[in-house]
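# Secondary and tertiary structure notes
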Amino acid sequence: MKVNLLGASIDGIDMQETVKRVAGFVKSGKPHLIITLNPEYLFRAQFQPRLMEVVNRADLVTPDGVGIVWACEVAKHPVPERVTGIDLMLSLVERAAREGWRVFLLGSAPGVAAEAAQKLIEKHPGLQVAGTHHGYFAPEEEPEVLEKIKGARPDLLFVALGAPRQELWIEANRQTLGVPVAMGVGGSFDVIAGRVPRAPLWLQRLKLEWLGRLIKEPRRWRRMLVLPKFAWMVIKRYKLLKST
Ligand code: UDP
């Protein structure tokens, strides 16, 4: 079921259903883009039409985080649960190991993607890692990176270049790459590689993971300033103006 929030069409399905859909994408063999939509991205998309265009051209858009789930409730289009980038990546990797899907990790500082891949293989010994590459390549190196990914023939491509650059990058290159499933995963490789600790489970359960991240990575506070603006935008649109 598609749900409209501030002009973005979001898939109102849970994690299990999301993974099922992705399995269909892999089977089809055609390129698909998945976006895990967070409030920062959706807020920016209100002012940058290109960002909204990319969301609405994606094949699957998940509610990434408690802010989007809350906003969908306020808009009276509730979604079953949050489906964050890292959780979806981990669920897909688990499925990939069982199905024999090949995964490619692109992004993060040199060494991190390889380290994250190593950690994933330790957890899922059957996992087929088609390749890894860091995310600090110059524009003139891009053709080489594209060739490397194409040559590796992955089924799933995880891109950690930070939002919204990763989404724009995938959209610009997905036909060239021909990878069945590509998705942006932000700082997930740093977490998987153990470079940035994930918030403790009790904070995640209280839906306060963002608070944990803020404490561990204080540079985030600037970006989080957008959250109250996003909340106000949602309240204005759906409570005060009561439009759909
Ligand atoms: N990154 C990258 N190339 C760049 C800029 C960033 O590979 O030119 C990586 C960075 O190392 C980090 C990720 O992109 O691993 C972005 O993480 P962040 O937590 O800032 O992204 P978010 O989760 O907010 O999308």
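This text goes with the structure placed above it.
If you're wondering where the values come from, they're calculated on a predicted model, not measured in any experiment.

Here the structure, examined in full by the defined rule, presents 11 salt bridges. Here Glu17 and Lys20 are joined by a salt bridge, their closest N and O atoms 3.9 Å apart. Here the residue Glu17 and the residue Lys20 both occupy positions in helix H1 (residues 15–28), the gap between them amounting to 3 residues, near one helical turn. Residue Lys20 is classed as exposed on the basis of its relative accessible area of 52%. For Glu147, the salt bridge goes to Lys150, with nearest N and O atoms at 3.9 Å. Pair noted here: Glu147 and Lys150 are both in helix H7 (residues 142–152), with a separation of 3 residues, about one helical turn. The exposure class assigned to Lys150 is partly exposed, which follows from its relative accessible area of 35%. When salt bridges that share partners are traced, they join Arg57, Asp59, Glu171 and Arg174 into one network.

Let us now look at the layout of surface pockets. In this structure, the second largest pocket encloses a volume near 160 Å³. If you trace the second largest pocket, you find it lined by Met15, Val69, Glu81, Arg82, Asp87, Gln204 and Lys207. Of the residues contributing to the lining of the second largest pocket, the split by class is 2 nonpolar, 1 polar and 4 charged.

Let us now look at the side chain of Gln166. Tracing the backbone shows Gln166 in helix H8 (residues 165–177). Among residues more than four places away in sequence, those in contact with Gln166 are Val159, Ala160, Leu161, Gly184, Val185 and Gly186.

This part takes up the packing of aromatic side chains. One pass over the structure, following the stated rule, counts 2 aromatic pairs. Consider the rings of Phe43 and Phe47, whose centres lie 5.3 Å apart with planes at 65 degrees: the pair is edge-to-face. Among the residues examined, Phe43 registers a relative accessible area of 12% and is labelled buried. Residue classification places Phe47 among the exposed residues on the basis of a relative accessible area of 56%.

The subject of this paragraph is the site of the ligand. The local shell around the ligand holds 16 residues, among which Gly135, Arg165, Asp190, Arg220 and Arg223 are the closest. Ser108 is positioned with one of its side-chain polar atoms (N or O) 2.8 Å from an oxygen atom of the ligand. Here an oxygen atom of the ligand and a side-chain polar atom of Asp190 are 2.5 Å apart. Coverage of the ligand by the protein chains reaches 79% of its 550 Å² of free accessible surface. Considering only residue class, the shell around the ligand consists of 5 nonpolar, 6 polar and 5 charged.

One open sheet accounts for 6 strands, arranged S4-S3-S8-S7-S5-S6; its pairing is parallel. Since the sheet does not close on itself, it has two edges, and those belong to strand S4 (60–63) and strand S6 (128–133), each with one partner. Looking at each pair of strands side by side, their axes are set apart by 20 degrees on average, direction ignored. Here strand S7 (residues 156–160) runs beside strand S8 (residues 181–184); their pairing, made up of 4 bridges, is parallel. Opposite Leu156, over in S8, you have Val181 as the bridge partner. Relative to S7, helix H5 (residues 85–99) is tilted by about 150 degrees, and along the sheet it contacts strand S3 (32–37), S4, strand S5 (102–107), S7 and S8. Across the face of the sheet, H7 comes into contact with S5, S6 and S7 while running at roughly 165 degrees to S5.

Its 15 residues give H5 an end-to-end C-alpha distance of 20 Å, which sits within 8% of 21 Å, the value for a rise of 1.5 Å per residue. Burial in H5 covers these residues: Gly85, Ile86, Leu88, Met89, Leu92, Val93, Arg95, Ala96 and Ala97. Count one or two residues on from H5 and you reach Gly100, which has phi positive near 80 degrees.

Counting residues in hydrophobic clusters, the biggest one holds 46 residues, and the most contacted among them are Leu5, Leu37, Leu42, Leu106, Ile149, Leu157 and Trp169. Residues contacting Leu157, with those up to four places away along its chain left out, are Phe104, Leu106, Ile149, Trp169, Leu177, Val179, Val181, Ala182 and Met183. Val19, Val93, Ala96 and Val185 belong to the second largest nonpolar core, which has 35 residues in total.

What counts and how
- Residues numbered from 1 in each chain as written.
- Predicted model: local features only at pLDDT ≥ 70, side-chain atom pairs only at ≥ 80, totals over all residues.
- Heavy atoms only, no water.
- Salt bridge = Lys/Arg side-chain N within 4 Å of Asp/Glu carboxyl O.
- Helix = DSSP H or I, 4+ residues; strand = E, 2+ residues; numbered from the N terminus.
- Buried < 20%, exposed > 50% of the residue type's maximum accessible area, 1.4 Å probe, protein only.
- 1 Å grid on protein atoms, 1.4 Å probe; cavity = no way out; pocket = protein on both sides within 12 Å on 5 of 7 lines; lining within 4 Å.
- Points joined across faces, edges and corners; volume = space filled by probe spheres on them.
- Nonpolar A, V, L, I, M, F, W, Y, C, P; charged D, E, K, R; others polar.
- Contact = heavy atoms within 4.5 Å.
- Phe/Tyr/Trp six-rings, centres within 6.5 Å; stacked < 30°, edge-to-face > 60°.
- Near = heavy atom within 4 Å.
- Polar contact = N/O pair within 3.5 Å; in protein donor to acceptor, adjacent residues only side chain to side chain.
- Areas by Shrake-Rupley, 256 points an atom, 1.4 Å probe, with all protein chains shown as cover.
- Pairing = 2+ DSSP bridges.
- Axes fitted to C-alpha atoms, helices over the stretch in contact; angles between N-to-C directions.
- Expected span 1.5 Å × (residues − 1).
- Core = buried A, V, L, I, M, F, W, Y, C linked by side-chain atoms within 4.5 Å.

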